[in-house]
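Report on the structure
So you can see what is in the structure, the chains are spelled out below.
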Amino acid sequence: MRGMGHVLTEHSNRIGTLTLNHHERRNALSAALVGDLLDGLHMMEQAKTRVVILRAAPGAKVWSAGHDINELPEGGRDPLGFADPLRTVIRRIEDFPAPVIAMVEGTVWGGACELAMSCDLVFTTPETTFAITPAKLSVPYNVSGLLTFLNRMPLSLLNEMAFSGEPIPATRAHALGAINHLVPAAELSAFTMAFALKVARNAPLSVTAMKRSVHILTAAKALPPITFEQIQGERRKVWDSRDYKEGIAAFKQRREPDYRGE
Ligand code: LCV
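Okay, so let's go over this structure.

Criteria and thresholds
- Residues numbered from 1 in each chain as written.
- Predicted model: local features only at pLDDT ≥ 70, side-chain atom pairs only at ≥ 80, totals over all residues.
- Heavy atoms only, no water.
- Helix = DSSP H or I, 4+ residues; strand = E, 2+ residues; numbered from the N terminus.
- Contact = heavy atoms within 4.5 Å.
- Near = heavy atom within 4 Å.
- Polar contact = N/O pair within 3.5 Å; in protein donor to acceptor, adjacent residues only side chain to side chain.
- Areas by Shrake-Rupley, 256 points an atom, 1.4 Å probe, with all protein chains shown as cover.
- Nonpolar A, V, L, I, M, F, W, Y, C, P; charged D, E, K, R; others polar.
- Salt bridge = Lys/Arg side-chain N within 4 Å of Asp/Glu carboxyl O.
- Buried < 20%, exposed > 50% of the residue type's maximum accessible area, 1.4 Å probe, protein only.
- Core = buried A, V, L, I, M, F, W, Y, C linked by side-chain atoms within 4.5 Å.
- Pairing = 2+ DSSP bridges.
- Axes fitted to C-alpha atoms, helices over the stretch in contact; angles between N-to-C directions.
- Parallel < 35°, antiparallel > 145°, perpendicular 65-115°, else oblique.

1. Quick word on the environment of N70
Relative to the elements of secondary structure, N70 occurs in the loop between strand 5 (62-64) and helix 2 (85-95). Residues N70 and S30, spaced 40 residues apart in sequence, show a C-alpha to C-alpha distance of 8.6 Å. If sequence neighbours within four positions are ignored, N70 has contacts with R25 and K252.

2. Brief notes about the site of the ligand
Around the ligand, the structure places 21 residues, and the nearest of them are A65, H67, I69, G111 and T133. In the environment of the ligand, a nitrogen atom lies 2.9 Å from a nitrogen or oxygen atom belonging to the backbone of I69. In the complex, the protein chains occlude 72% of the 990 Å² of accessible area that the ligand would expose alone. Across the shell around the ligand, the residue classes tally to 10 nonpolar, 6 polar and 5 charged.

3. A look at the pattern of salt bridges
Scanning all chains against the criterion turns up 12 salt bridges. Across the pair E45 and R92 runs a salt bridge whose closest N-O atoms are separated by 2.6 Å. Here E45, found in helix 1 (residues 31-46), pairs with R92, found in helix 2; they are 47 residues apart in sequence, far enough to count as distant. Ionic pairing is found between D243 and R242, a salt bridge with its closest N-O pair at 2.7 Å. In the salt-bridge network here, residues are joined through shared partners; they are R242, D243, D258 and R260.

4. Some thoughts on helix 3 (residues 111-118)
With 8 of 8 residues buried, helix 3 is to be regarded as a mostly interior element. Of all the positions in helix 3, only G111, A112, C113, E114, L115, A116, M117 and S118 are classed as buried.

5. Comments concerning the nonpolar core
Of all hydrophobic cores here, the largest spans 51 residues; its most connected members are L54, W63, F130 and M153. Leaving out residues up to four positions away in the same chain, M153 has contacts with M117, I132, L158, M161 and A178. If you look at the next biggest cluster of nonpolar residues, it comprises 12 residues, including I53, L121, L188 and V199.

6. Examining the sheet that holds strand 7 (residues 107-109)
Judged by pairing direction, the sheet is mixed, and its 4 strands sit side by side in the order 5-7-9-10 without closing on themselves. With one partner strand each, in any of the chains shown, strand 5 and strand 10 (168-169) form the two edges of the open sheet. Both strand 7 and strand 9 (residues 129-131) contribute to a ladder of 3 bridges, which runs parallel. Bridged to W109 within strand 9 is A131. Contacting strand 5, strand 7 and strand 9, helix 3 crosses the sheet at an angle of about 105 degrees to strand 7.

7. Describing the side chain of N27
Among the structural elements, N27 can be located in the loop between strand 3 (15-20) and helix 1. A relative accessible area of 4% means that N27 is categorised as buried. A polar side-chain atom of N27 sits 3.4 Å from the main-chain amide nitrogen of N21. Among the polar contacts made by the side chain of N27, one reaches the main-chain amide nitrogen of H22 at a distance of 2.7 Å. In this view, N27 contacts L20, N21, H22, L33, A56, V62, W63, S64 and A65; residues no more than four positions away in its chain are not counted.

8. Brief notes about the packing of helix 2 against helix 3
At a minimum axis distance of 9 Å, the contact between helix 2 and helix 3 shows a crossing angle of 10 degrees. As judged from the angle between their axes, helix 2 and helix 3 are roughly parallel. Residues L86, R87, V89, I90, I93 and E94 of helix 2 touch helix 3, and the partners they reach there are G111, E114, L115 and S118. Tallied by class, the residues present in the contact of helix 2 with helix 3 amount to 5 nonpolar, 2 polar and 3 charged.

See the structure below:
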């Protein structure tokens, strides 16, 4: 087990494990934690890892609190731009040559929901909850992020989660096909490792080719430039708004936000 600041890495039997390990900030996806994740993934690609398991420390109540709100821009620019740490690590997981399994326990918030659902497989416990939170913070989620969710769950569930911002139980996400397996907490780690061993015994070139082909096919949504600009225009109205600044201020001041639609 190696410590990389906020992420622990382990590697055996061609299986790599990345453990989110920044409890004080509830594994918020800060630039520092994401940097450690990227370092771990780089090391695993060098080691020709055949499966990666992404998890939090055993017994963690919060798998990840999502984007580090303190690192969101104060306003006037895209809070989830291409170079944003969250966007960077999601692309890296999608591009990683081997399958990445999200082993999820506890509560999952905002961008961390996307991080989990950008993984190739999601194994959770029945008690796990997921909350898609942009509406709570007056953040305009970005196009590729919404596509990650749409590739994982039906529109009905995405609308319910995105508009309410409220946590939903993993049992509902599983019933609608967004989760691969619900496993009792005491068995989740062994179940995940047993599955990973099955994959690690298979032909890696075939697995990589299928992962990459499926990702290209699911990402292939023809978006004429004018359509993309139209969406960006809708998003710019949000990140330029008074409400956007209010959302971040309310979080920092630990109070309920007062949104006015302006
Ligand atoms: C920075 C944090 C965070 C945090 N950032 O512990 O998807 S989008 O568009 O919304 C995107 C922009 C996104 O992902 O936004 C983030 C969405 N996440 C959330 O809304 C969750 C915010 N966090 C919470 O609701 C609570 O922290 C939970 C329920 C996760 C855990 O509650 P708990 O009582 O166990 P604290 O709230 O006391 O948090 C411990 C420390 O971590 C900081 C938090 O400010 C606190 O710092 P201090 O000890 O300095 O007060 N923290 C938690 N989440 N996302 N910092």
